[in-house]
Structures are given as structure tokens and as C-alpha cells.
Amino acid sequence: MRSYISVICVIILNLVTVNPVLAQEGCYQERKEQGRQLMENGQYVSAVVQFSIALTCPDRQQNQEIITLIQETQKRQQAHYERLVQAAEKEAASARSARADEAEARALAEQKAEEARISGRQAEALRLSLLADINRQQRNFGDALFLAYAALQLSDSITFAAARKAFVEVVKDSFSQVVPTVGNIQHMHLSEGPLPYLSFLDEAGIKVYDLKSGRLEKVGPVHSELLTIGASTVVTARTDGGNEGQLVSLRNETDHTLTAHLERLTAAAVASDDSFFVTGARDHQAIIWNKDGSIKSRLVGHEGNIYQIHISPDGQMIVTRSSDGTARVWSVEGRQVAIIGQDEGYIRNIQVMKGTPVSIITNSDKGGVKIWEQGGALRAVLPLDNSGSIQVVLQGDRLITLTANGSMSAWDIQGNATTSFSYDEKLLGAVPYGDGQLLSWSEDQRIQLWQQNGTLAQVFVGHQDILSGLSGAPSAGLILSTGRDGSTKLWDSSGQLLTEWDLQTRRVMMGHIAQQTNQIVIADQGNQRLLIMPFPDIILEQLMNNHEQFLSVNQTLLATYNIQFWP
């Protein structure tokens, strides 16, 4: 079952937010006594919240005391609401017999009755959320799914957070697919094209997993690396000293061994339509290959190793970067069009920005960040402090730069500064989030969500070390973060933590969001496997579309769990 709709929730309950109080000694006893006092004072919803938080305390008692207190609170609450409803109905009956103020009295009485019913639904939503979590932990996933779904159906702005979290946890534990790996995963990459390919290197070699079909294919031995992945092809290179490369088809077509280079392959790119590809190597040359593995042309002119290759979106231009300190522009026929950056020092990175014509961005030791025309003419130099490394992130028709001192700015394609992002701590990295929003992470171990105009929209708190990567699905309001504390966390765009995984690694980004297939991919190092989880709202959407059938199948659970106020 897979489907995804965007649900933005407002979480105001301590039950589902990061709460440092829970780490203190005496948490359990304090929350239990607070809940008991609230129950005695007739504040039943608040009492259930405190008892539920007590269940999450590190020093909680391994007994049924809290469950018993919750049940007692529910009994008192139900009796209280029944008395309120009876009184309201009696008042409504009296109002109907009144003369002048009959309409006003009846409306007031009916309002009180509705308020009582709302309070009852809130308490029931919290109770069902708790029952769903208990059943999930007992691996009774069928009941847990129905209880969490029922809680969502009854929830409002007060109780939605608890119900949403319970539902997400059930989806994670019961709907995640498992893909075994051989030993630990050293590297994982999600393709950016329309086809959802996940490539990873484990102790058996390079593998590619098709997220849409579920097909797993080995494309390279242990001593190899994946250079690039296209719409249906993969280019790999040997890492044990050989000069061979491999073109591997993901459509069960013929694979080809690439032997034309004189030294080890170091870079590759595939045209967007898979009609050709380009490789670069330590022999100072790049080669344009036809799809069948034959050579189309050689790009000769660099005087150093080639470390980066870009092919323009229209397939008519190729840009290469070399250790000789230059980037070069080539026609698809193999003709050198321009040499860029001859006096720039070492060029760390090149990027090609979409447009008509395309723009080329270079980031070098001496020259900093520059914007070039397709024909090699310099368009703009960004006035940045070049004393340290500069990160450049492309987002639509603008550039985002992060300098070594942690400042972040946005620029248009003409090199004009358009936006400054102000934050108290040093910003370490950024990724686009939709058309205009931006995600960043900082030295204070937090995540920031920025509006296009530079306004700080949200701060995410929860990691215990700085981040190693971020991935987002703005259409679903989801954000996935991996930290050097060894955890990967799933958030919604309001800043609330939905669930997390302990990946037992502090090295690389081990989580990705695949928007093409509405899936979350996690590398579970401890158990040597990939976990592939559907977006929770996809499951919710399908359940809602089949509400009557789902209710019919689980009709007996209404009585088993004494579910009240069913909508």
C-alpha cells in the first residue's frame, strides 16, 4: 500500500516533542503524581497526557500502574461526560418549554453538550494513540494500524500530534520493505533523474536498486566505484590499478567494457536521454562514447587528470574540469569551444546551471566563485571572502553560497546579491527544499528552514552532533536528516520529530527521501540491510479511500477496545 498526501500538523503535546525533562531523574514519579492530581481535579485530558509522558521516562516502572491509572481516568472521564450530556439534554428539554428565551437557552444547552462531546473525543483520541503504540511494541501491527487510524479520525488540533506520531511509527514498523546487504554499506546515492535508482557499495560490490520495481542488480565488483548513473545505464571504474571501465545497462541490454583510456577512470557523465556518455581519466583526456560502447570522439587538450564532467540538459555541450587548473567547454562533436579559468588557480568545482543558454559556475582557489557564459566569456565575479572554501548550491535561477565563516547568501545569475540569511551560529551546509525554500544545518547541531526571502521559518532541534546530510520532500512536508550522532530523523516541515532510526554509523549520509516513488530509504548498518518505508500519508490516503472496507474488516476491534465517539 503506497500513497502520499501532505498533512501539516501542529504538535503541542510534550508527549511527542523533544523534552529535556524526560532525561532527569524522578521523571516517572513526577509525571505520575502530576497526572494523579490532575485526575483528582477533574482535568482528565491533561492527566492522560502526563501519564502517557510517564511511559516514555527512562526511569519508568515495569508494571501496569500507569495503564491502570489511565483506565481509571478514562472511567471517571466517561462518567463525567455522560453526566454533562445528560444535564445538557435536560437543560435543552427545559429550554424547549420556556417561552421568551427558548431559542437562546436551547442554543446554550446544545453548545455545552457539544463541548462535552469534543472533550470526550479528545480523550478518546489520546487513549487510542497510546493503545496503538502499545500494540505496535507488542508487534500486533494489525490492531495498531486500526487504532492509530481511528485516533487520527477522532483527533483535532489538540490531539493530532499524538495520533500522527503513533500512525507514523506503525507505518515504519509494519510497511517498511527490507533489502539485505552484504556487510556494512560504505556509500549510498539516490539518482536525481526521473527514474528512482538507489546505488550503494557494500562488501560484495556496487549494487543498484530500482525503487519502483524492487529489482536489485550488482553492477560492479568490490574493487570498483560508481562514477555516474543515467536513466538506464551505469558507468563504473576499477579502483585496483586497472584502466578499465564498465558500461552496465539497467534494462537487460548488453554491457560493455571500456578499455580506451590509458590510466584509471576518474569521472563520467551520461546524457539525459542516455544516447551517449563521457568518461575522463588520469591520462588527461576525455572520451565521448556511443550507447553501444563505441568511441564517438576524444576530447584532447587538458594537461592534468580529469576529475569532473557535465553534459548540458540539451546534450549539446560538455564541460570538463582538470587538475591542470582549467575547465573546458566542448561541443558534442568533440570540438573545444572555450578554456575557462587559466589564471584561477586550482578549480575545486564546476556546475552547469540550466537556462537558455546555460551558465557555467566555477569555484577556485584564487578566483573564488565566477559565472561564465557558455562560450567562455566571464559574466560575473561574486564578491566573497576567498580565504577559505566556499560551497555553492544551485536552486532554480539563483546560486546559494556558504563561505568558510558560515555566512550564507543568494545571488541571481547576473551575480547580484539578492538575499542574506542571518543566523547566530555558523552555517555548515545547505540543500534546496522546493522551488524557493532552503534547508541548512549549523554548528549548534540544528536544522534551519528558510523562506525564499531569507526569513527563518523553522528551527529543528534534536541531533546531538552536527549533521552529515539532509534530504527533503516539500510536497509531502517531510525532511530527513542524518547526524554524526549516528541517528537519522524524520521531521515534518513544522519542526516536529515524527520518528527516528539508530544507524550505528557516524560517517556518511545514510538516509534519502525518494520523491519519485514517495519512499524513505534508510541504511540499517546494525542489521546489514536497507529499509524502504512509504510516506506515512500515502498509507493514510489509501485507508481513507477505502474507509468503509477497512472499518468492516476491523469491526470487532470497535468492541474489543471499547472505542467511543466513532465518527
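Residues numbered from 1 in each chain as written. Predicted model: local features only at pLDDT ≥ 70, side-chain atom pairs only at ≥ 80, totals over all residues. Heavy atoms only, no water.

When its secondary structure is counted, the chain shows 9 helices and 36 strands. Principal axes of the C-alpha set define a box for the chain whose edges measure 95 × 50 × 45 Å. Relative to its 567 residues, the chain shows a buried fraction of 54%. Taking contacts inside the chain between residues at least 6 apart in sequence as the whole, the part at least 24 apart equals 45%. With an accessible surface of roughly 25,000 Å², the chain has 45% of that area assigned to carbon and sulfur atoms. Placing the 48 positive and 62 negative side-chain charges of the chain at their respective mean positions leaves the two points 2 Å apart. (Helix = DSSP H or I, 4+ residues; strand = E, 2+ residues; numbered from the N terminus. Buried < 20%, exposed > 50% of the residue type's maximum accessible area, 1.4 Å probe, protein only. Contact = heavy atoms within 4.5 Å. Areas by Shrake-Rupley, 256 points an atom, 1.4 Å probe, with all protein chains shown as cover. Lys, Arg positive; Asp, Glu negative; His and termini not counted. Charge placed at Lys NZ, Arg CZ, Asp CG, Glu CD.)

Before going further, it helps to examine the sheet that holds strand β4 (residues 205-210). Here we have 4 strands laid out as an open sheet, ordered β2-β3-β4-β5, and antiparallel in their pairing. The open sheet has two free edges, formed respectively by β2 (187-190) and β5 (216-220), since each of these has just one partner strand. Averaged over all pairs of adjacent strands, the angle between strand axes in this sheet comes to 20°, irrespective of strand direction. Pairing geometry for β4 and β5, over 4 bridges, is antiparallel. If you follow Val208 over to β5, its bridge partner there is Glu217. (Pairing = 2+ DSSP bridges. Axes fitted to C-alpha atoms, helices over the stretch in contact; angles between N-to-C directions.)

Our next topic: the packing of aromatic side chains. Enumeration over the complete set of coordinates arrives at 6 aromatic pairs. With 5.4 Å between their ring centres and 80° between their planes, Phe421 and Trp450 make a pair best called edge-to-face. Of this pair, Phe421 sits in strand β25 (residues 417-421) while Trp450 is found in strand β28 (residues 447-450), placing the two residues 29 residues apart along the sequence. Arranged with centres 5.5 Å apart and planes meeting at 80°, the rings of Phe460 and Trp491 form a pair that is edge-to-face. Highlighted residues: Phe460 in strand β29 (residues 456-460) and Trp491 in strand β32 (residues 487-492), separated in sequence by 31 residues. Clustering of aromatic rings is evident, with ring pairs tying together Phe146, Tyr149 and Phe550. Lying across the ring of Phe276, Lys296 places its NZ or CZ 5.3 Å from the centre. (Phe/Tyr/Trp six-rings, centres within 6.5 Å; stacked < 30°, edge-to-face > 60°. Lys NZ or Arg CZ within 6 Å of the ring centre and 35° of its normal.)

A separate point is the pattern of salt bridges. One side chain can pair with another of opposite charge once the charged atoms of both are near each other. A complete count under the given rule lists 21 salt bridges for this structure. Here Asp202 ties to Lys207 by a salt bridge, and the two come within 3.0 Å at their closest N and O atoms. Taken as a pair, Asp202 and Lys207 share a single burial class, namely buried. Salt bridges linked by common partners bring Lys32, Glu33, Arg36 and Glu65 together as one network. (Salt bridge = Lys/Arg side-chain N within 4 Å of Asp/Glu carboxyl O.)

Our next topic: the side chain of Arg398. Relative to the helices and strands, Arg398 resides in strand β23 (residues 398-402). Within polar-contact distance, the side chain of Arg398 engages the side chain of Gln395 at 2.7 Å. Here the side chain of Arg398 touches Gly436 through a polar contact of 3.0 Å, landing on its backbone oxygen. With residues up to four places along the chain from it excluded, the contact list for Arg398 reads Met353, Val393, Ala410, Trp411, Thr419, Phe421, Gly436 and Gln452. (Polar contact = N/O pair within 3.5 Å; in protein donor to acceptor, adjacent residues only side chain to side chain.)

The backbone of Asp274 shows a phi angle near 65°, a positive value even though the residue is not glycine. By secondary structure assignment, the location of Asp274 is in the loop between β10 (265-270) and β11 (276-281). Look at Asp274 and you get buried, because its relative accessible area is 5%. Look at Asn562: it is not a glycine, yet its phi comes out positive at around 50°. Mapped onto the elements of the fold, Asn562 is located in the segment after α9 (555-560). On the basis of relative accessible area, Asn562 is assigned to the partly exposed category, the value being 44%.

Averaged over all residues, the pLDDT of the chain equals 85, while 91% of them reach at least 70. Confidence drops under pLDDT 50 across residues 1-23; counting only partners more than four residues distant or on other chains, this segment forms 78 contacts. (pLDDT = per-residue confidence, 0-100.)

Every buried residue of helix α7 (residues 536-545) is listed here: Pro536, Asp537, Ile538, Ile539, Leu540 and Leu543. Taken together, the buried residues of α7 touch α5 (141-154), α6 (160-175), β31 (478-483), β36 (529-534) and α8 (547-553).

Mapping Leu530 onto the fold places it in strand β36. Given the relative accessible area of 0%, Leu530 is considered buried. The sequence separation of Leu530 and Pro180 amounts to 350 residues, and the corresponding C-alpha distance is 6.3 Å. If near-sequence neighbours (up to four positions away) are discounted, Leu530 is found in contact with Gln177, Val178, Val179, Thr181, Ile185, Met188, Leu198, Phe200, Ile522 and Ala523.

Right, let's get into the sheet that holds strand β35 (residues 519-524). If you walk across this open sheet you meet the 4 strands as β1-β36-β35-β34, and the pairing is antiparallel. On the outer flanks of this sheet lie β1 (177-180) and β34 (511-514), each paired with one strand and no other. Averaged over all adjacent pairs, the angle separating strand axes in this sheet is 20°, with direction ignored. Two elements, β1 and β36, share 4 bridges in a ladder whose sense is antiparallel. Bridge assignment links Pro180 to a residue of β36, and that residue is Arg529. Of the strands in this sheet, β1 and β36 touch α6, which is tilted by about 135° from β36.

Let us now look at the pairing of β10. In terms of burial, β10 is a largely internal element, 6 of the 6 residues being buried. When β10 meets β11, the two strands line up antiparallel, connected through 5 bridges. Bridge assignment links Val270 to a residue of β11, and that residue is Phe277. Connecting the antiparallel pair β10 and β11 is a turn made up of 5 residues, with Asp274 showing a positive phi of about 65°.

With 10 of its 11 residues buried, helix α2 (residues 44-54) lies for the most part within the structure. Within the span of α2, buried status applies to Tyr44, Val45, Ala47, Val48, Val49, Gln50, Phe51, Ser52, Ile53 and Ala54.

Let us now look at the packing of helix α1 (residues 27-40) against α2. Here α1 crosses α2 at 165°, and the two axes come no closer than 8 Å. In terms of their interaxial angle, α1 and α2 are classed as roughly antiparallel. Crossing angle aside, the handedness with which α1 passes α2 is left-handed. Contacts from Tyr28, Arg31, Lys32, Gln34, Gly35, Arg36, Leu38 and Met39 of α1 reach α2 at Tyr44, Ser46, Ala47, Gln50, Phe51, Ile53 and Ala54. (Parallel < 35°, antiparallel > 145°, perpendicular 65-115°, else oblique. Left-handed = near helix turned anticlockwise from the far one by under 90°.)

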